Amino acid sequence: MQEEVDMKNRLKVLRAERNWSQAELAGRLDVSRQAVNAIETGKYDPSLPLAFRIGRLFEMPIEEIFDDEHDGE
């Protein structure tokens, strides 16, 4: 049985700091607004290519945006 890992992220905070709507962020990432909402609420983990696009957009390493909550592992 595979362990379920909750992926926490700062996407909503980073988006709010720039006064971007979910739709505006979705447009910048070339995904749907629903995808942005699902990532922000933790219902969906982005693919690795999408995670890197998010990192480039916010000019941050993906580790500063996403946290898998496995400290020290």
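Residues numbered from 1 in each chain as written. Predicted model: local features only at pLDDT ≥ 70, side-chain atom pairs only at ≥ 80, totals over all residues. Heavy atoms only, no water.

(A) Expanded view of unusual backbone geometry. The phi angle at Asp 30 is positive, at roughly 60 degrees, despite the residue not being glycine. With respect to the secondary-structure elements, Asp 30 resides in the loop between α2 (22-29) and α3 (33-40). You will see that Glu 59, though not glycine, has its phi angle at about 55 degrees, which is positive. Locating Glu 59 in the fold gives a position in the loop between α4 (48-58) and α5 (62-65). (Helix = DSSP H or I, 4+ residues; strand = E, 2+ residues; numbered from the N terminus.)

(B) Examining the nonpolar core more closely. Formed by 16 residues in total, the largest nonpolar core has its most connected members in Leu 11, Leu 25, Ile 54, Phe 58, Ile 65 and Phe 66. Of all the elements in the fold, those that place two or more residues in this core are α1 (11-17), α2, α3, α4 and α5. When residues of this core are assigned to their parent elements, the largest contribution, 4 residues, is made by α4. Other than its neighbours up to four places away in sequence, Leu 11 contacts Leu 25, Ile 39, Glu 40, Ile 54, Phe 58 and Ile 65. (Core = buried A, V, L, I, M, F, W, Y, C linked by side-chain atoms within 4.5 Å. Buried < 20%, exposed > 50% of the residue type's maximum accessible area, 1.4 Å probe, protein only. Contact = heavy atoms within 4.5 Å.)

(C) Highlighting the packing of aromatic side chains. Throughout the structure, instances matching the rule amount to 1 aromatic pair. Between Trp 20 and Phe 58, the ring centres sit 5.6 Å apart and the planes meet at 35 degrees, which makes this aromatic pair tilted. With a gap of 38 residues between them, Trp 20 in the loop between α1 and α2 and Phe 58 in helix α4 connect regions that are remote in the sequence. For the pair shown, Trp 20 and Phe 58 are each scored as buried. (Phe/Tyr/Trp six-rings, centres within 6.5 Å; stacked < 30°, edge-to-face > 60°.)

(D) Representation of α2. Those residues of α2 not exposed but buried are Gln 22, Leu 25, Ala 26 and Leu 29. Relative to the axis of α2, the buried residues are bounded by an arc of 100 degrees and lie together on one face. As for α2, its buried residues are in contact with α1, α3 and α4. In the segment just after α2, Asp 30 is the residue with positive phi, at about 60 degrees. (Arc of directions from axis to C-beta.)

(E) Expanded view of the packing of α2 against α3. Contact pair α2 / α3: the axes reach a minimum separation of 8 Å and the direction vectors enclose 105 degrees. With respect to α3, the element α2 is oriented roughly perpendicular. For the pair α2 and α3, contact is made by Gln 22, Ala 23, Leu 25 and Ala 26 and by Arg 33, Val 36, Asn 37 and Glu 40, respectively. The residue inventory of the contact of α2 with α3, partitioned by class, reads 4 nonpolar, 2 polar and 2 charged. (Axes fitted to C-alpha atoms, helices over the stretch in contact; angles between N-to-C directions. Parallel < 35°, antiparallel > 145°, perpendicular 65-115°, else oblique. Nonpolar A, V, L, I, M, F, W, Y, C, P; charged D, E, K, R; others polar.)

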